[in-house]
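# Close look at the chain arrangement
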Amino acid sequence: MWQRKLIVFFFGVSLASAGTAPNAEYIEELVQNDSFGPRFSDNLIEDAILDVPGLVRKYNYPLEAHEVRTPDGYVLRMHRIPHGRDQNNVPGVKKPVVFLMHGLLSSSADWIVMGPGSAFGYLLAEKGFDVWMGNARGNYYSRRHVRLNPNSILSNAFWEFSWDEIGNIDLPTMINYALNHTGQKKLHYVGHSQGTTAFFVMGSLKPEFNNKILSMHAFGPVAYMAHNRSPLLNAISPFANRIEELASLIGIGEFMPNNLIMTWAGQALCRDEVATQAICSNILFLIGGWNEAQHNATMLPVILGHAPAGAAVRQFAHYGQSIAGKEFRRYDHGWMNNLRIYGNLIPPKYDLGNIKIPVFLHYTYNDPLSQVEDVDRLHKELGASTKMLVPLPLFNHLDFVWGIDAKELLFDKVIKIMRSINV
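Keep in mind that this is a model prediction, so the values were computed, not measured. (Residues numbered from 1 in each chain as written. Predicted model: local features only at pLDDT ≥ 70, side-chain atom pairs only at ≥ 80, totals over all residues. Heavy atoms only, no water.)

## So, the state of the cysteines
Put simply, the rule is: A pair of sulfur atoms, both from cysteines and within 2.5 Å, is called a disulfide here. The secondary structure listing takes helices from DSSP runs of H or I that are at least 4 residues long and strands from runs of E that are at least 2 residues long, numbered from the N terminus. A simple rule labels every residue: compare its accessible area, found with a 1.4 Å probe on the protein chains alone, to the largest value its type can have, and call it buried under 20%, exposed over 50%, or partly exposed in between.
Summed over all chains, the structure comprises one disulfide. Residue Cys270 pairs covalently with Cys280 via a disulfide, S to S 2.0 Å. Here the S-S torsion is close to -75 degrees, and the disulfide linking Cys270 with Cys280 is therefore left-handed. Of this pair, Cys270 sits in the loop between α10 (260-268) and α11 (277-288) while Cys280 sits in helix α11, and the two are 10 residues apart along the sequence. Grouping residues by exposure puts Cys270 and Cys280 together as buried.

## Quick look at the UniProt feature "active site" (unreviewed entry) in the protein chain
The criterion, for reference: UniProt positions are given in the numbering used here, feature names are shortened, and annotations may be inferred rather than shown by experiment. Here, two residues are considered to be in contact whenever any of their heavy atoms come within 4.5 Å of each other.
Mapped onto this structure's residue numbering, the UniProt feature "active site" (unreviewed entry) falls at Ser193, Asp367 and His397. Over a stretch of 205 residues, the named residues converge on one spot in the fold, their C-alpha atoms separated by at most 10.6 Å. With respect to the helices and strands, the residue Ser193 is situated in the loop between β6 (187-192) and α7 (194-205). Those residues in contact with Ser193, other than ones at most four positions away along the chain, are Gly103, Phe219, Gly220, Val222 and His397. Mapped onto the elements, Asp367 comes out in the loop between β10 (359-363) and α15 (372-381). With relative accessibility at 0%, the residue Asp367 sits in the buried group. Setting aside chain neighbours within four positions, we find Asp367 in contact with Gly220, His397 and Phe400.

## Here we look at the packing of aromatic side chains
Spelled out, the test is: Classification of ring pairs rests on two measures: the distance between centres of Phe, Tyr or Trp rings, Trp counted by its six-membered ring, which must be within 6.5 Å, and the angle between planes, read as stacked under 30 degrees, edge-to-face over 60 and tilted in between. Whether a charge sits over a ring depends on NZ of Lys or CZ of Arg being within 6 Å of the ring centre and within 35 degrees of the ring normal.
The tally for this structure, following the rule as stated, stands at 25 aromatic pairs. With 6.3 Å between their ring centres and 25 degrees between their planes, Phe219 and Phe411 make a pair best called stacked. Placement of Phe219 in strand β7 (residues 213-219) and of Phe411 in helix α17 (residues 406-422) is noted, with a sequence separation of 192 residues between them. Classification of Phe411 by relative accessible area gives buried; the value is 0%. The aromatic ring of Tyr224 is capped on one face by Arg377, whose charged end is 3.9 Å from the ring centroid.

## A short note on the side chain of Thr173
With respect to the helices and strands, the residue Thr173 is situated in helix α6 (residues 163-182). With residues up to four places along the chain from it excluded, the contact list for Thr173 reads Val68, Arg69, Thr70 and Pro71.

## Description of the pattern of salt bridges
Pairing between side chains becomes possible if they bear opposite charge and their charged atoms approach one another. Quick note on the threshold: Salt bridges are defined as contacts in which a side-chain nitrogen from Lys or Arg sits within 4 Å of a carboxyl oxygen from Asp or Glu.
Applying the stated rule across the entire model yields 17 salt bridges. With a shortest N-O distance of 2.9 Å, Arg314 and Glu244 are connected by a salt bridge. Here Arg314, found in helix α13 (residues 313-325), pairs with Glu244, found in helix α9 (residues 243-249); they are 70 residues apart in sequence, far enough to count as distant. The class for Arg314 is buried, based on a relative accessible area of 11%. Note on Glu244: relative accessible area 18%, which makes it buried. Across the pair Lys349 and Glu327 runs a salt bridge, and its minimum N-O distance is 3.7 Å. Here the residue Lys349 occupies a position in the loop between α14 (335-342) and β10, and Glu327 occupies one in the loop between α13 and α14, the gap between them amounting to 22 residues.

## Description of the packing of α6 against α7
What counts, and what does not: Helix axes are fitted only over the stretch in contact, all axes being lines through C-alpha atoms; the angle between N-to-C directions runs from 0 to 180 degrees. Should an angle lie under 35 degrees it is considered roughly parallel, over 145 roughly antiparallel, and from 65 to 115 roughly perpendicular; all remaining angles are considered oblique.
Contact geometry for α6 and α7: axes closest at 8 Å, N-to-C directions at 80 degrees. By the criterion of interaxial angle, the relationship of α6 to α7 is roughly perpendicular. Where α6 approaches α7, its residues Trp163, Asp164, Ile166, Gly167, Asn168, Leu171, Pro172 and Ile175 are matched on the opposing element by Gln194, Thr197, Ala198, Phe199, Val201, Met202 and Leu205.

## Topic: the pairing of β6
So the rule is basically this: Each pair of strands is called paired provided DSSP finds at least two bridges between the two strands. Note on handedness: a crossover is taken as right-handed if, strands pointing away from the viewer, the path from the first strand over the helix to the second is clockwise.
Taken across its six residues, β6 has six buried, putting it largely inside the fold. As defined by bridge partners, strand β3 (residues 97-101) adjoins β6 across four bridges and the pair is classed as parallel. Note that in β6 the partner of Leu100 across the bridge is Val190. Pairing of β6 with β7, which is carried by six bridges, proceeds in the parallel orientation. In the strand pairing of β7, Tyr189 is matched with Met216. Handedness of the crossover is the feature at issue here: the chain leaves β6, passes through α7, returns alongside β7, and the resulting connection is right-handed.

Given below as structure tokens:
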């Protein structure tokens, strides 16, 4: 029964319509009316209401927005920091390219919300990398299509995709654009959570991309999920083959968009010196694993101003299928559609052996979404992978992007590896 209630709750949140970028006018009105009370930082409010270009430019970093159209008509937006602010800050100098891909319900904001000196996107720019940050179809920055409407009440056609399409179509389209625009032949890839799943999909289905990737760094790698300990995904998995159908009956194709409810909650309920802040922190711990020492609660209003950023219901259903089936397979459309799409009654497994480039699996013992047993299985099936245990036992799934000491524990090491490969 509790699983059904949990699913209904999240669908209820998803019913709220997506706001502007992200809800700046509404939140600014609340700020002007002092709706949040005293002792609240204006800087945090500003960081919460600015979109990615505004946030990056606020800290005097260069920012470019690029749009690319996929073969099936989705318009994806990428954000680029072409050079540093304090170091490696000469424009027009050709630099090694690194492509960053966010996780489920997230966006390019993940890589910059923690600010200069901490966020991975800024650190990479300062170390001499040309930083490209992707946005998967359906998230806040990629809610456009040449003919489909994401807000349609008559059809969910826009939302009929999972991370299979993100890996098979979105990533190749964005990576090819970044390489063509920069004139480079290869780039480094860093993915977090679903950003790793999508890469494994791409590498399995499009092995020609071995020739375009220098190295791949998987933060909290997610492919096999037989030992997953996520309460939400485990609640969904028994209904994985019915959840999208159920959602479509009540007109839901999108799951947890960026909306007024979450932005308001971050500002009013999750800021410092508010009793409910602990509840906000505990929700994140429920999702990513408990690690109070690495959790910067002060930044919750900023984080919740940018996340969740929306996803398709089918993305969750696909993960549910992976948990229930204990395999890493393409999306199960039902045997009749499988026969038409794949030529088989059962969805084919992704062939991880097609991935030949150096893959670095950055994992931890305290990650409910990327359990050690599943990482071990992934490691054995990849062509050339290296397991990299984060040297902190309680480091969790969300610490890979927002952890207080992520720079020292993870980012600096990844930069060192990429630099050695460049040489």
